[in-house]
Amino acid sequence: MNALAGRLLSPLLSLATAVVIVTLAVLAFMTPQWVAFEQGRANATAWTGYSTEELRVATVAILADLVFGPPDFDVEVRGEPVLVERERGHMRDVRSVFVGLWVLAAVSVVVLAAAALRGDRHATWRAVRRGAFVLTGVIVALGVVALVAFDALFEAFHTIFFPAGSYTFDPATERLVQLFPFQFWQETAVVVGIVIIALALIVATVAGRRAPATRRTRSTTELTATPEPSR
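Being a predicted model, the structure only gives us computed values, none of them experimental.

Asker: How do you make sense of the side chain of Ser10 when you look at a structure like this?
Answerer: If you trace the backbone, Ser10 turns up in helix α1 (residues 2-28). Judged by its relative accessible area of 16%, Ser10 is buried. A distance of 2.8 Å separates the side chain of Ser10 from the side chain of Arg130, its partner in a polar contact. Residue contacts for Ser10: discarding those within four places in its chain leaves Ala127 and Arg130.

Here it is in structure tokens:
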């Protein structure tokens, strides 16, 4: 029974590791500082016609509604709403996806914390290492695809997570894609991918070093606990 439980727990721990790594990487890029930097590179002021300060006000408000809520997305610039209702609806869908990710990450942390308390820490570290390596492979594969077909990958992502037709906007007339132009997403995706790989390799390295140590500790403990045969 213990062996079966271990085999079932191992993939769960690997998945939990991957979820936590992805969540940490994504959170790092949901800051006003990063968004402003990428908006500058993507020339969002020219797309929107806003000044730098107006762009900052609109973006900070949208990020605050996205991360902290409530998801009204009703910021105004020059007395006019920045986003129309269809754009606000999409941002509410985006927030639902992020809330799902936060919940999944919280559950993953609980799973990893509980696993750290079990007796077979060697198996736990091996599962963590495996999850980090698998995640690295997945991100590298997606990166290769993105190099030749980022548009298709971007579309596939939206198709999976959002209702059909709810995420297509005209950059000539609609603010949401003017605030966050295609270049913004393309470059952000590349950097997020690099950060995920870096974090995953760090985790895999640490787990790889911890696994043999915990195996030796466990073996020593078991040897010490083994009673001597009676004479």
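Moving on from the coordinates now.
Asker: Hey, could you run me through the packing of helix α2 (residues 32-41) against helix α4 (residues 52-67) in this one?
Answerer: How two helices sit against one another is set out by the angle between their axes and by the gap between those axes. Look at α2 against α4: their axes get within 10 Å of each other, and the N-to-C directions meet at 135°. The angle between the axes of α2 and α4 places the two elements in the oblique class. In the packing of α2 onto α4, the handedness of the crossing is right-handed. Contacts from Pro32, Val35 and Gln39 of α2 reach α4 at Leu55, Thr59, Val60 and Leu63. Taken together, the residues of the contact of α2 with α4 sort by class into five nonpolar, two polar and no charged.

Asker: I keep staring at the side chain of His158 and nothing clicks. Help me out?
Answerer: With respect to the helices and strands, the residue His158 is situated in helix α6 (residues 121-161). With relative accessibility at 10%, the residue His158 sits in the buried group. Not counting the four nearest positions on each side in its chain, His158 is found in contact with His90 and Tyr167.

How each quantity is defined
- Residues numbered from 1 in each chain as written.
- Predicted model: local features only at pLDDT ≥ 70, side-chain atom pairs only at ≥ 80, totals over all residues.
- Heavy atoms only, no water.
- Helix = DSSP H or I, 4+ residues; strand = E, 2+ residues; numbered from the N terminus.
- Buried < 20%, exposed > 50% of the residue type's maximum accessible area, 1.4 Å probe, protein only.
- Polar contact = N/O pair within 3.5 Å; in protein donor to acceptor, adjacent residues only side chain to side chain.
- Contact = heavy atoms within 4.5 Å.
- Axes fitted to C-alpha atoms, helices over the stretch in contact; angles between N-to-C directions.
- Parallel < 35°, antiparallel > 145°, perpendicular 65-115°, else oblique.
- Left-handed = near helix turned anticlockwise from the far one by under 90°.
- Nonpolar A, V, L, I, M, F, W, Y, C, P; charged D, E, K, R; others polar.

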